[in-house]
Amino acid sequence: MSTRKAFEKFMEENIENAYRFAYTFVKNKPDAEDVLSDSTVKALKSLKTLKNEQYIKSWFYKIITNTAISHINRGKKVVSIDFSECENLSHTDETNLEFFDILKDLSLQDRSIIVLKILEGMKFSEIGEILKLNENSVKTRYYKALKSLKIDLEGEIYG
């Protein structure tokens, strides 16, 4: 299978996950769509840099990460909205909406690590490659973020 065909197949199967990942950076539908669209164009233009189709997911998520960060750094206005207004997020039940709402208090990097690990099921090494961190740093940030979330949740429950 050609690299382009593999990418097209990957996009067909993972478009919602990629959108959700872009959304975690920019927190609004139009910007997430822009980031995903720009990332797809960049990926298509640089397919020749993908050396092994086995790594297409981490390769594309790295493109999304870089595109989203560039998007944010360009001074695009980030608007925080209620996740229940986002019909294109495949997670529409109460539990998942609360999960996304809780993540908003984490740093961009920690939020990315949590989403990639929990929702995308990526390995720490893959996350490190995407975010340009070593694997041990990813693990440390992941467990600190989980601890922070637990403290925040307990504060909400018992506070």
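Everything discussed here concerns the structure shown above.
Criteria and cut-off values
Residues numbered from 1 in each chain as written. Predicted model: local features only at pLDDT ≥ 70, side-chain atom pairs only at ≥ 80, totals over all residues. Heavy atoms only, no water. Helix = DSSP H or I, 4+ residues; strand = E, 2+ residues; numbered from the N terminus. Buried < 20%, exposed > 50% of the residue type's maximum accessible area, 1.4 Å probe, protein only. Expected span 1.5 Å × (residues − 1). Contact = heavy atoms within 4.5 Å. Phe/Tyr/Trp six-rings, centres within 6.5 Å; stacked < 30°, edge-to-face > 60°. Lys NZ or Arg CZ within 6 Å of the ring centre and 35° of its normal. Salt bridge = Lys/Arg side-chain N within 4 Å of Asp/Glu carboxyl O.

Draft legend 1. A look at the environment of L133. Here L133 lies in the loop between α6 (124-131) and α7 (135-158). Taking the relative accessible area as the measure of exposure, L133 reaches 24% and is therefore partly exposed.

Draft legend 2. A look at helix α3 (residues 56-73). With 18 residues, α3 ought to run about 26 Å at 1.5 Å a step, and its terminal C-alpha atoms sit 26 Å apart, in line with that. Taken as a whole, α3 has its buried residues at I56, S58, W59, F60, Y61, I63, I64, T65, T67, A68 and H71. Taken together, the buried residues of α3 touch α1 (3-26), α2 (29-45), α5 (108-119) and α6.

Draft legend 3. Highlighting the packing of aromatic side chains. A complete count under the given rule lists 9 aromatic pairs for this structure. Measuring from ring centre to ring centre gives 5.3 Å for F124 and Y142, while their planes differ by 70°; the resulting arrangement is edge-to-face. Taken together, the positions of F124 in helix α6 and Y142 in helix α7 put the pair 18 residues apart, joining distant regions of the chain. In this pair, the class of F124 matches that of Y142, namely buried. On the basis of an interplanar angle of 75° and a centroid distance of 5.0 Å, the ring pair of Y142 and Y143 is categorised as edge-to-face. A relative accessible area of 10% places Y142 in the buried class. Site record: aromatic cluster; members linked through ring pairs are F7, F10, W59 and F60. If you follow K57 out to its NZ or CZ, it ends over the ring of Y61, 5.9 Å from the centre. Residue placement shows K117 over the ring face of F124; its charged tip is 4.4 Å from the ring centre.

Draft legend 4. Representation of the pattern of salt bridges within the structure. Within this structure, the stated rule accounts for 6 salt bridges. Where E120 meets R20, a salt bridge forms, and the shortest distance between an N and an O atom there is 3.0 Å. Of this pair, E120 sits in the loop between α5 and α6 while R20 sits in helix α1, and the two are 100 residues apart along the sequence. For E120, a relative accessible area of 8% puts it in the buried group. Residue class for R20 comes out buried when judged on its relative accessible area of 2%. K139 is the salt-bridge partner of E135, the closest N and O atoms lying 3.7 Å from each other. Taken together, the residues span about one helical turn, with E135 and K139 both in helix α7 at a distance of 4 residues. Through salt bridges with shared partners, a single network forms among R20, K57 and E120.

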